[in-house]
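Each chain, written out:
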Amino acid sequence: MIMYIFGELRDFQYGLTPKDMEAIISEAHSQKKDIEMLKTDQILYVLDRLSNLWIDPNYKYTRQALQQLPDLIGFDSSMVYEGIKTMCSLLNRNNMETRIISDLGKKEYLDDWTYHKRFKGYMMAKPRGVLAHVSAGNVFVGGVDSLIQGIITKNVNIMKMSTADPLFPVLFAKSLKENDHTGILHKAMALLHWRGGNQEIEKYIKTGCNAIVVYGGADTIRAYREGLGLHTKLIEYLSLIHI
């Protein structure tokens, strides 16, 4: 299976192994300083550009999604396009800035120590570091929304793609790579696939990542609560303030 690993497409012919996961998480930790150095405005510029591209039904990746996703997820092309428009709204600079302010209070907290009037002191929002996302299979744009939040908060992101849709997150990542003037954002994510419940692989996620965002039913959430590392936070309800 083709997977997107820190800016490159790699063919894991026999599937992902625990050793592969260990190496990916190690590489993710080596990327943390690079993305943390970016300014929020640089990230917003790239995401807003993607919003403007994807909204066009004739953009190559939008067109590919409209052609291929219906057979994968059971939505017709009009419903797929509604999902893409939702993603574009999330990527839009004005909407993203509103989201940041709603969750954090000020955009400036993401970049530097900033005075907080109520606290009467200086505060700064720091990334968790390596952030894993366990994507649900029923809403194809949900996984990308989780990635967007991980990107804007300057985390390195490892995403378990849903079995139903291993396509859309990779299209998003390819689009990001082609429009990433920073040369850093597109390298700060790995989009992976493995069979849920593989304890050997998930052991590395639970102990090697700084935080895990889990979408899914009660059984999935319970499974990720077990065996967490001492320094790994489980996030079941996603907000920028958590990541």
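If you're wondering where the values come from, they're calculated on a predicted model, not measured in any experiment. (Residues numbered from 1 in each chain as written. Predicted model: local features only at pLDDT ≥ 70, side-chain atom pairs only at ≥ 80, totals over all residues. Heavy atoms only, no water.)

**Some thoughts on empty space enclosed by the protein**
Then comes step 1: By the definition in use, this model includes two cavities of 30 Å³ or more.
Then comes step 2: Around the largest cavity sit Ser135, Ala136, Val139, Phe140, Gly143, Met159, Met161, Ser162, Asp165 and Pro169, which together line it.
Then comes step 3: Within the lining of the largest cavity, the residues separate by chemical class into six nonpolar, three polar and one charged.
Then comes step 4: If you add up the space inside the second largest cavity, you get close to 30 Å³.
Then comes step 5: Along its surface, the second largest cavity is lined by Glu36, Leu110, Met124, Ala125, Lys126, Pro127 and Lys154.
Then comes step 6: Of the residues assigned to the lining of the second largest cavity, the class counts are four nonpolar, no polar and three charged. (1 Å grid on protein atoms, 1.4 Å probe; cavity = no way out; pocket = protein on both sides within 12 Å on 5 of 7 lines; lining within 4 Å. Points joined across faces, edges and corners; volume = space filled by probe spheres on them. Nonpolar A, V, L, I, M, F, W, Y, C, P; charged D, E, K, R; others polar.)

**Topic: unusual backbone geometry**
Then comes step 1: Not every positive phi belongs to a glycine, and Phe6 is a case in point at roughly 50°.
Then comes step 2: Along the chain, Phe6 falls in the loop between β1 (2-5) and β2 (8-11).
Then comes step 3: Judged by its relative accessible area of 6%, Phe6 is buried.
Then comes step 4: The phi dihedral of Lys120 falls on the positive side, at around 60°, and the residue is not glycine.
Then comes step 5: Structurally, the position occupied by Lys120 is in the loop between β3 (114-116) and β4 (121-123). (Helix = DSSP H or I, 4+ residues; strand = E, 2+ residues; numbered from the N terminus. Buried < 20%, exposed > 50% of the residue type's maximum accessible area, 1.4 Å probe, protein only.)

**Thoughts on the packing of helix α5 (residues 93-104) against helix α6 (residues 140-152)**
Then comes step 1: Closest axis-to-axis distance for the α5/α6 pair is 12 Å, and the angle between their directions is 70°. Of the possible angle classes, the one that applies to α5 and α6 is roughly perpendicular. Here Met96, Arg99 and Ile100 of α5 lie close against α6, whose contacting residues are Asp145, Ile148, Gln149 and Ile152.
Then comes step 2: Grouping the amino acids of the contact of α5 with α6 by side-chain chemistry returns four nonpolar, one polar and two charged. (Axes fitted to C-alpha atoms, helices over the stretch in contact; angles between N-to-C directions. Parallel < 35°, antiparallel > 145°, perpendicular 65-115°, else oblique. Contact = heavy atoms within 4.5 Å.)

**A look at a nonpolar patch on the surface**
Then comes step 1: Together, Trp113, Tyr115 and Tyr122 make up an exposed nonpolar region whose accessible area comes to about 390 Å².
Then comes step 2: Structurally, the position occupied by Tyr122 is in strand β4. (Patch = residues over 30% accessible without salt bridge, like charges linked within 9 Å, V, L, I, M, F, W, Y side chains within 5 Å. Areas by Shrake-Rupley, 256 points an atom, 1.4 Å probe, with all protein chains shown as cover. Salt bridge = Lys/Arg side-chain N within 4 Å of Asp/Glu carboxyl O.)

**Comments concerning the pattern of salt bridges**
Then comes step 1: Tallying each qualifying case throughout the model produces 14 salt bridges.
Then comes step 2: Across the pair Glu36 and Lys126 runs a salt bridge, and its minimum N-O distance is 2.5 Å. Taken together, the residues span a long stretch of sequence, with Glu36 in helix α1 (residues 18-36) and Lys126 in the loop between β4 and β5 (130-134) at a distance of 90 residues.
Then comes step 3: Residue Lys107 pairs with Glu97 through a salt bridge whose shortest N-O separation is 3.2 Å. One end of the pair, Lys107, is in the loop between α5 and β3; the other, Glu97, is in helix α5, with ten residues separating them in the sequence. Take Lys107 and Glu97: they sit in the same class, and that class is buried.
Then comes step 4: Here the salt bridges share partners, and the residues they tie into one network are Asp41, Arg93, Glu97 and Lys107.

Purely geometric stuff here, so don't read any function into it on its own.
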